[in-house]
Amino acid sequence: MSDTDKPPLTKAPEMHVHYCEQKDCKEWGGWGNSPSPAVATRWWCFEHFPHKSNEQEQAYRRKLDAAEREKIIQ
Ligand SMILES: [Zn+2]
């Protein structure tokens, strides 16, 4: 075993580029979920993230409602 046995560090570090995995969704997948360390993490945008807590879901709905009302007013 010597230093020359090491593979050269030519590989760039893996970029964590992941968009929402929902079909046709072009949003950034900022919300990941993995059931265990052995399972690859899956990524979604907040809208499609299927593991939201109730509180998160309700906060999101309120935000959508507020945005809808704003559209109607304008
Ligand atoms: Zn999405």
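Residues numbered from 1 in each chain as written. Predicted model: local features only at pLDDT ≥ 70, side-chain atom pairs only at ≥ 80, totals over all residues. Heavy atoms only, no water.

Colleague: Break down the overall build of the chain for me, with residues and values.
Modeller: Helices and strands together make up the secondary structure of the chain, namely 1 helix and 2 strands. Mapped from its N terminus to its C terminus, the chain presents α and β elements in the order β-β-α. Taking all 74 residues of the chain together, 12% fall into the buried category. Entry remark: accessible area of the chain is about 6800 Å², with carbon and sulfur atoms responsible for 55%. (Helix = DSSP H or I, 4+ residues; strand = E, 2+ residues; numbered from the N terminus. Buried < 20%, exposed > 50% of the residue type's maximum accessible area, 1.4 Å probe, protein only. Areas by Shrake-Rupley, 256 points an atom, 1.4 Å probe, with all protein chains shown as cover.)

Colleague: How would you summarise a nonpolar patch on the surface if you had to cite specific residues and measurements?
Modeller: A cluster of nonpolar side chains, contributed by Val 17, Tyr 19 and Trp 28, occupies part of the molecular surface with about 340 Å² of accessible area. Residue position: Trp 28 is located in the segment before β1 (31-33). (Patch = residues over 30% accessible without salt bridge, like charges linked within 9 Å, V, L, I, M, F, W, Y side chains within 5 Å. Salt bridge = Lys/Arg side-chain N within 4 Å of Asp/Glu carboxyl O.)

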